[in-house]
Amino acid sequence: MIEMAQATALAEHKLESLFKQRSFLFIWAITICSSFSIAIFQFSQSWYVVKTLDKEASLGIVFIAANVPRILFMAIGGVLADRISRTKILYAANFLRTIVLCSLLVMLATGHLSLLSFIIFGFLFGALDAFVWPANGSLLPNVVDNSQLTRANSVIQTTQQSSLILGPMIGGLLVASSGGYMLSFGVPAVMLLISAILAYLLNIPASESSGTKKPGMWQSIMEGIDVVKQSSFLKALFLSTIFLNVFVVGPLMMGLPIFVKNILDGSALDFSFIEGSMAAGMLISSVIIGILNIKKRRGLMVTFSLFTMNIFFFWFSQSSSLYVCMMAIFFIGVTFPATNIPLISAVQSSVDKKLLGRLMGLLTMASMGLAPLSLAVTSMLISYGFTIDNIMAGGALSLIIVNTIIMWKLPALRKME
């Protein structure tokens, strides 16, 4: 009994001391600086291309330039995160990001900042992201006790969601200030430099390799594909993910600043309100789902969320009022976690843990891999004279039809518990 009491007291002490741990506080500070800097930069970049350069049809090329290297180098980044110090990866990548942003500031000051500049910067940022994401995502278990991982991940995720809300708003205020784009690009550069310094000071050693002989890369990928082929649930999940990214990601990612400019006749601040509303919906939905901890009828929830998302997306595309659009996109944001969290939980609980990494990797590829295609199609449609509101409406209606067919032909997703 005494030993049990001591163990309980020790567990409570660990639970309470999360915010007293130097390493966790450093990781949290790194997350704050890096996530807010990227959110401010991406907002400023999008608005500069659409408003200053007046190259709205080419905005998709900038996003493609960032997405392609993420896909190409993500596997290499994951391997490096297991072989060398993850904090050294974060330090090097964030320091290089700082140099890239400083170069952008020089080009802005000298009047040489062009669409080609953003394409090159997008490619460089995307390549560095492929190394940052695996290192950052696998860092917490090195410094946090297993009993505190859920709470630690919750803090990190909430911070990242908050950056999606506040980042665009801060970016809009910086663009509208007397400092303009020099300030909206300069502040992220300073924050990334701080993030690099913190990673250097944290300096966590590399994880030890197990030395276990593993199958080749191609063989591992094929094993994951075979698992998908044999599961009706996974086939429905992958098809839904693929078509969601084809019909929604392009129009939504590159379409928002164009929609604000052309349909709402809005400003940079209006654009930040739209993006912030969607992020607020995502944040609130994530918190509610975490509290409810839904374990039954998750398939029905996912099905309802997918169709609800498309209905609100169509409503958004047909609106011309800023406040109505903010309301519509808020509910679009609500549906994203309501779709993703139950699906990821179902995959984690139903798939062999030895294959889980491969499955999640394939799922990421299914989503990220088709994002450039969606962006390219959206850019092409805009160049042919299609308005962004009609492109959004067409994507929403097309996805409703496709999801209906998937739910009819592959009911395993709908019936998932």
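In this text, all values refer to a predicted model and were calculated from it rather than measured experimentally.

Peer 1: Just checking my understanding: could you explain the overall build of the protein for this structure?
Peer 2: For the protein, the helix and strand inventory stands at 17 helices and zero strands. Of all 417 residues assigned to the protein, the portion counted as buried reaches 50%. Considering only residue pairs separated by 6 or more positions, the protein has 85% of its internal contacts joining residues 24 or more positions apart. Surface summary for the protein: the accessible area is close to 20,100 Å², and the carbon and sulfur share equals 68%.

Peer 1: What is the right way to read the pattern of salt bridges from this model?
Peer 2: Charged atoms that come close allow side chains of opposite charge to pair. A complete count under the given rule lists two salt bridges for this structure. Across the pair Lys 261 and Asp 54 runs a salt bridge, and its minimum N-O distance is 2.6 Å. With a gap of 207 residues between them, Lys 261 in helix α11 (residues 255–262) and Asp 54 in the loop between α2 (22–52) and α3 (59–83) connect regions that are remote in the sequence.

Peer 1: Explain the packing of aromatic side chains here, please?
Peer 2: For any pair of aromatic rings, geometry is given as the distance between the ring centres together with the angle between the planes. Counted by the stated rule, this structure contains 16 aromatic pairs. Between Phe 41 and Phe 125, the aromatic rings sit 4.9 Å apart at their centres with planes inclined by 15 degrees, giving stacked as the arrangement. With a gap of 84 residues between them, Phe 41 in helix α2 and Phe 125 in helix α5 (residues 115–137) connect regions that are remote in the sequence. On the accessibility criterion, Phe 41 (5% relative accessible area) is buried.

Peer 1: Would you mind showing me how to read helix α10 (residues 232–253) here?
Peer 2: Structural remark: α-helix, 3.6 residues per turn; residues separated by three or four positions point the same way. Counted at 1.5 Å a residue, the expected span for α10 with its 22 residues is 32 Å, and the 30 Å between its end C-alpha atoms agrees. A maximum bend of about 35 degrees is found in α10 at Asn 245.

Peer 1: Even after reading the chapter, I still don't get the confidence of the model for the protein, so can you show me in this structure?
Peer 2: Note: predicted coordinates in regions of low pLDDT should not be interpreted at a detailed level. Mean pLDDT over the protein stands at 77; residues scoring 70 or higher make up 74%. Per-element confidence in the protein is highest for helix α8 (residues 180–202), whose mean pLDDT is 92, and lowest for helix α1 (residues 2–16), whose mean pLDDT is 44. pLDDT under 50 marks residues 1–16. Its contacts with residues more than four places away, or in other chains, come to five contacts.

Peer 1: Just to check I follow, could you spell out the packing of α11 against helix α17 (residues 388–409) for this structure?
Peer 2: Describing two packed helices takes the angle between their axes plus the distance from one axis to the other. Where α11 contacts α17, the axes come no closer than 9 Å and their chain directions differ by 135 degrees. In terms of orientation, α11 lies oblique with respect to α17. Judged by residue contacts, Gly 255, Leu 256, Ile 258 and Phe 259 of α11 engage Ile 388, Asp 389 and Met 392 from α17. The class makeup of the residues in the contact of α11 with α17 is five nonpolar, one polar and one charged.

Criteria and cut-off values
Along each chain, residues carry numbers from 1 onward, in the same order as the chain's sequence is written. pLDDT decides what is reported in this predicted model: residues at 70 or higher carry local features, side-chain atom pairs at 80 or more are listed and counted, and totals for whole chains, interfaces and linings draw on all residues regardless. In computing side-chain properties, one takes all heavy atoms of the structure into account and sets aside hydrogens as well as water. Counting from the N terminus, the helices are DSSP H or I runs at least four residues long and the strands are E runs at least two residues long. Only protein chains enter the accessibility calculation, which uses a 1.4 Å probe. A residue is then buried if its area is under 20% of the maximum for its type, exposed if over 50%, and partly exposed in between. The contact criterion used throughout is that any non-hydrogen atoms of two residues lie within 4.5 Å. The method behind every accessible area is Shrake-Rupley, applied with a 1.4 Å probe, and residues are considered shielded solely by the protein chains displayed. Only one rule defines a salt bridge in this text: a Lys or Arg side-chain nitrogen within 4 Å of an Asp or Glu carboxyl oxygen. In summary, the pairing rule links any two rings of Phe, Tyr or Trp, Trp by its six-membered ring, whose centres are within 6.5 Å, and it sorts them by plane angle into stacked for under 30 degrees, edge-to-face for over 60 and tilted for everything else. One less than the residue count of a helix, multiplied by 1.5 Å, gives the span that helix is expected to have. To obtain the bend at a residue, axes are fitted to the seven residues ending there and to the seven starting there, and the angle between these axes is taken. The quantity known as pLDDT measures the predictor's confidence residue by residue, on a range of 0 to 100. Note on geometry: axes are C-alpha line fits, over the in-contact stretch for helices, and angles between N-to-C directions span 0 to 180 degrees. Should an angle fall under 35 degrees it is taken as roughly parallel, and over 145 as roughly antiparallel, whereas 65 to 115 is taken as roughly perpendicular and any remaining angle as oblique. Gly falls in the polar group here, along with every residue not listed as nonpolar (Ala, Val, Leu, Ile, Met, Phe, Trp, Tyr, Cys, Pro) or charged (Asp, Glu, Lys, Arg).

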